[in-house]
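The primary structure of each chain is shown beneath.
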Amino acid sequence: MSNSTKYVFVTGGVTSSLGKGIISASLAKLLQARGYSTTIQKLDPYINIDPGTLNPYEHGECFVTDDGAETDLDLGHYERFLNVPTSQANNVTTGRIYQAVIEKERRGEFLGKTVQVIPHITDEIKDRIQLLAKKGTYDIVITEIGGTVGDIESLPYVEAVRQMLWEYENDCIVIHLTLVPYLAAAGELKTKPTQHSVKQLLELGVQPDILCCRTEHELDLNLRQKIAKFCNVNINAVIESRDAETIYDVPLLMQAEELDKVVLEKLGLSSKSTPNLDIWKRFIERLKNPKTEVNIGLVGKYVELKDAYKSISESFIHAGVANEARVNVKWIHSEKLTAANIEEELAGLDGILVAPGFGSRGISGKIEAVRYAREKKVPFFGICLGMQCAVIEFARHVLGYPDAHTTEIAEDSTHPVISMMEEQKAISNMGGTMRLGAFKCQLKPESKSALAYNSDRITERHRHRFEFNSAYTKEFENAGMIATGKNPETGLIEVVEIEDHPWFVGAQFHPEYKSTVATPHPLFVAFIKAAITHKTN
Ligand code: GLN
């Protein structure tokens, strides 16, 4: 282990969904503001190799990194808060751990030993935790352990943490996140679940250093003292984590509770500089005091599950702030959209975004939404499948090819305007085999996208198998849909725009993965700006 790197483990107890990801990201933000280079890692106890093959109903959106890793959506929060890219090393699952250990076993690396959870699986976990430190660029690595303490599947992770605490006692601390529920009948906050949760950790040999208590009400001194006494932590290490109006408030709430200070003290680190969160505060100030508002329709098939479009909805928040506007997102179920109800469903919207996706469910509703936006000249933003729908819609209703389609859905289409990349055709495995991660894109000068980026050379992240079929480029361009973004090496078409429209942009890549508080994504900013213009005209 690099001597200089310190480790903060974040575990959760009592219940899931306490917001470990946001607490981790907020702590990292505070440490970063003090001048410590910090990264966050998420260890997920499920057996999938990565979330790439998971249905969004399971764990929400799959977040994609520059290096093409398909990861947990918490990595999106890490990037949005820290403005530093993450990578494959920042998300590890049990599946990946076991896969690595089994591959080593097949290569004979264990020299005839019996391969066991302890030490082989726990060693692999410890190696993955320390991998980020080995890069040598981080002062502090925050490792969030997915799941809830006491789950069978998180046991090896807690055991790995126990071993690291033992081996590197001065360099590691544990923050345990718990719930302090309010019992309306008793009119009281209850600390017992927290006490039990800490007992459970203690049974596994881990004494938490800091307790972060999620609560709907103020945690008064009495309660803090009680928790401190029963759970063997200092009173200043009992941190109140009240429900916040927005996740972006959490770093400031944690700063007020001095979480970062307590962490640094326990790690034996001093505060290198006075934390300056001015930019963050200004962001919140603008977020809470918008000068105008716009209504944006988000058309997708997972709208009942907002986490499925997490990065998109956060990008709207960033772009709204950049435009001093509140972005009201109307979630529109693509399966319910038909030619008959489209006017009614999309009436009053200042902009329409058609979301990414896979498969045929809801596709005709997405195509109807594109048609509406194109014909009514409502600002339109299509992302990945949304861009492909824009191409299909244009082929059907402008070029006059009624069966134009993507070969993902209709292999026998006589006009396959979206088709599979050659190199994808031979692939049969579903996991990690798409066109993934960052690729360069050359934009046409003066196009809407080049104007938005204020640059004609960009890099954006991808996650797809199908592409604009370049056999049709000329025909599209002659009819007014222009290929304004191309991969400079392969010539693949990455952006399409309609010339004769206030703002109609389809992107084959996923801009939402790169929008952060510090750098709102230019395409989202331009889209919201166009929506404001549309509203005022
Ligand atoms: N299903 C489409 C493809 O694979 C689009 C993917 C997406 O929207 N992420 O090309």
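Residues numbered from 1 in each chain as written. Predicted model: local features only at pLDDT ≥ 70, side-chain atom pairs only at ≥ 80, totals over all residues. Heavy atoms only, no water.

*Asks:* Could you give an account of the site of the ligand, naming the residues involved and the relevant values?
*Replies:* Around the ligand sit Pro-356, Gly-357, Phe-358, Cys-384, Leu-385, Gln-388, Glu-408, Arg-463, His-464, Arg-465, Phe-466 and His-510, and that is every residue in its neighbourhood. Contact between the ligand and Glu-408: a nitrogen atom at 2.7 Å from a side-chain N or O atom of the residue. Backbone polar atom of Arg-463 to a nitrogen atom of the ligand: 2.9 Å apart, as the coordinates give it. Alone, the ligand offers 300 Å² of accessible surface; in the complex the protein occludes 99% of this. When the residues that make up the shell around the ligand are grouped by side-chain class, the tally is 5 nonpolar, 4 polar and 3 charged. (Near = heavy atom within 4 Å. Polar contact = N/O pair within 3.5 Å; in protein donor to acceptor, adjacent residues only side chain to side chain. Areas by Shrake-Rupley, 256 points an atom, 1.4 Å probe, with all protein chains shown as cover. Nonpolar A, V, L, I, M, F, W, Y, C, P; charged D, E, K, R; others polar.)

*Asks:* Report on the packing of helix H1 (residues 20-33) against helix H10 (residues 259-267), specifying residues and quantitative values.
*Replies:* Relative to each other, H1 and H10 sit at 75 degrees, their axes nearing to 9 Å. With respect to H10, the element H1 is oriented roughly perpendicular. On H10, the residues touching Leu-27, Leu-30 and Leu-31 of H1 are Leu-259, Asp-260, Val-263 and Leu-264. Counted by class, the contact of H1 with H10 contains 6 nonpolar, no polar and 1 charged residues. (Axes fitted to C-alpha atoms, helices over the stretch in contact; angles between N-to-C directions. Helix = DSSP H or I, 4+ residues; strand = E, 2+ residues; numbered from the N terminus. Parallel < 35°, antiparallel > 145°, perpendicular 65-115°, else oblique. Contact = heavy atoms within 4.5 Å.)

*Asks:* Quick rundown of unusual backbone geometry? Include the residues and the values.
*Replies:* Note that the residue after Ile-118, namely Pro-119, is joined by a cis bond; omega there is 15 degrees. Along the chain, Pro-119 turns up in helix H5 (residues 117-134). In this structure, Lys-377 takes a positive phi of about 55 degrees despite not being glycine. The topology assignment puts Lys-377 in the loop between helix H14 (363-376) and strand E15 (380-383). You can call Lys-377 partly exposed: its relative accessible area is 33%. (Buried < 20%, exposed > 50% of the residue type's maximum accessible area, 1.4 Å probe, protein only.)

*Asks:* Can you lay out the sheet that holds strand E20 (residues 466-468) for me, pointing to particular residues and giving the numbers?
*Replies:* With mixed pairing, 3 strands are arranged side by side in an open sheet as E16-E17-E20. Looking at which strands have only one partner, the edges of the open sheet turn out to be strand E16 (405-406) and E20. Bridge analysis of strand E17 (residues 416-420) against E20 gives 3 bridges, and the strand direction is antiparallel. Residue Ser-419 lies in a different strand from E20, and its bridge partner there is Glu-467. Of the strands in this sheet, E16, E17 and E20 touch helix H15 (residues 385-397), which is tilted by about 145 degrees from E17. (Pairing = 2+ DSSP bridges.)

*Asks:* Before we move on, could you go through the packing of aromatic side chains and cite the residues and values that matter?
*Replies:* This model, assessed by the stated rule, comprises 20 aromatic pairs. Ring centres 6.3 Å apart and planes at 35 degrees place the aromatic pair Tyr-309 and Trp-331 in the tilted group. Of the two residues, Tyr-309 is situated in the loop between strand E12 (292-300) and helix H12 (310-322) and Trp-331 in strand E13 (residues 325-333); the sequence distance between them amounts to 22 residues. Tyr-309 sits in the buried class, given a relative accessible area of 3%. Trp-331 gets classed as partly exposed once you look at its relative accessible area, which sits at 23%. An aromatic cluster is defined as three or more aromatic residues linked by ring pairs; in this entry it consists of Phe-316, Phe-381, Trp-503, Phe-524 and Phe-527. Directly above the aromatic system of Phe-439 lies the positively charged group of Arg-435, at a separation of 4.5 Å from the ring centroid. (Phe/Tyr/Trp six-rings, centres within 6.5 Å; stacked < 30°, edge-to-face > 60°. Lys NZ or Arg CZ within 6 Å of the ring centre and 35° of its normal.)

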